[in-house]
Amino acid sequence: LGSNAAKRREFYKAHMEGDYETKQKFHENYWPETSAKLYQHLETFLQQLDQLSAKPYDKNIYEHPRLPVILKHNEFVRNTLLTVQEFHDQKKIKMVLKIFSPQRW
């Protein structure tokens, strides 16, 4: 939707009015862009988590007593994001199959 104010207003109106069909059409039309942005966000966040999780191993646990909790939290977030990424990949495959299915021709 980017800089298209009219489309943004139309989508917002559909959302506020609970117009599922219109929202679904927007999602289908803009899915490739949304998908790419989501994937980019996941990749960037996972890289940052990996960098952050690698840093603390040279820290003294007595000086940083919450470090194990932080590392566990980072691991939980990383695993969650990997699950989202896997789900996203499966959804992308299904969407491509739907787009190129013979019923659409």
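Residues numbered from 1 in each chain as written. Predicted model: local features only at pLDDT ≥ 70, side-chain atom pairs only at ≥ 80, totals over all residues. Heavy atoms only, no water.

## A word on the side chain of N74
Structurally, N74 can be placed in helix α3 (residues 67-99). Judged by its relative accessible area of 11%, N74 falls in the buried class. The contacts of N74, once residues within four sequence positions are left out, are L49, L52 and S53. (Helix = DSSP H or I, 4+ residues; strand = E, 2+ residues; numbered from the N terminus. Buried < 20%, exposed > 50% of the residue type's maximum accessible area, 1.4 Å probe, protein only. Contact = heavy atoms within 4.5 Å.)

## A short note on the pattern of salt bridges
This model, assessed by the stated rule, comprises two salt bridges. Its salt-bridge partner being R78, residue D50 comes within 2.6 Å of it at the nearest N-O pair. Within this pair, whereas D50 is found in helix α2 (residues 20-54), its partner R78 is found in helix α3, the two being separated by 28 residues in sequence. On the basis of relative accessible area, D50 is assigned to the partly exposed category, the value being 35%. Judged by its relative accessible area of 29%, R78 is partly exposed. Taking the shortest distance from any N to any O, the salt bridge between E75 and K72 comes out at 3.9 Å. (Salt bridge = Lys/Arg side-chain N within 4 Å of Asp/Glu carboxyl O.)

## Describing the packing of helix α1 (residues 5-17) against α2
Contact geometry of α1 with α2 gives a least axis separation of 8 Å together with a crossing angle of 135°. In terms of axis orientation, α1 runs oblique to α2. Along the contact surface, α1 presents K7, E10, F11, A14 and H15, while α2 presents T22, K23, F26, H27 and Y30. Class assignment of the residues belonging to the contact of α1 with α2 gives a composition of four nonpolar, three polar and three charged. (Axes fitted to C-alpha atoms, helices over the stretch in contact; angles between N-to-C directions. Parallel < 35°, antiparallel > 145°, perpendicular 65-115°, else oblique. Nonpolar A, V, L, I, M, F, W, Y, C, P; charged D, E, K, R; others polar.)

## Remarks on α2
Over its 35 residues, α2 extends only 44 Å from the first C-alpha to the last, a length that falls short of the 51 Å expected when each residue adds 1.5 Å. Y30 marks where α2 bends most, by close to 65°; the proline P32 follows one to four residues later. Every buried residue of α2 is listed here: T22, F26, W31, S35, L42, L46, L49 and S53. (Expected span 1.5 Å × (residues − 1). Bend = angle between axes of the 7 residues up to and from the residue.)

## Quick notes on the confidence of the model for the protein
With 87% of its residues at a pLDDT of at least 70, the protein reaches an overall mean of 84. Here α3 is the element of the protein with the lowest mean pLDDT, 83, and α1 is the one with the highest, 93. (pLDDT = per-residue confidence, 0-100.)

## Section: the nonpolar core
Core analysis: the biggest nonpolar cluster contains five residues, these being L42, L46, L49, V77 and L81. For this core, the secondary-structure elements that each account for two or more residues are α2 and α3. Here this core takes three residues from α2, the largest share from any one element. Excluding residues within four positions of it along the chain, L49 makes contact with N74, V77, R78 and L81. (Core = buried A, V, L, I, M, F, W, Y, C linked by side-chain atoms within 4.5 Å.)

## Brief notes about the environment of A14
Looking at where A14 falls in the secondary structure, it is placed in helix α1. As for A14 and F26, which are separated by twelve residues in sequence, their C-alpha atoms are 9.8 Å apart. Excluding anything up to four places from it in sequence, A14 contacts D19, T22 and K23.

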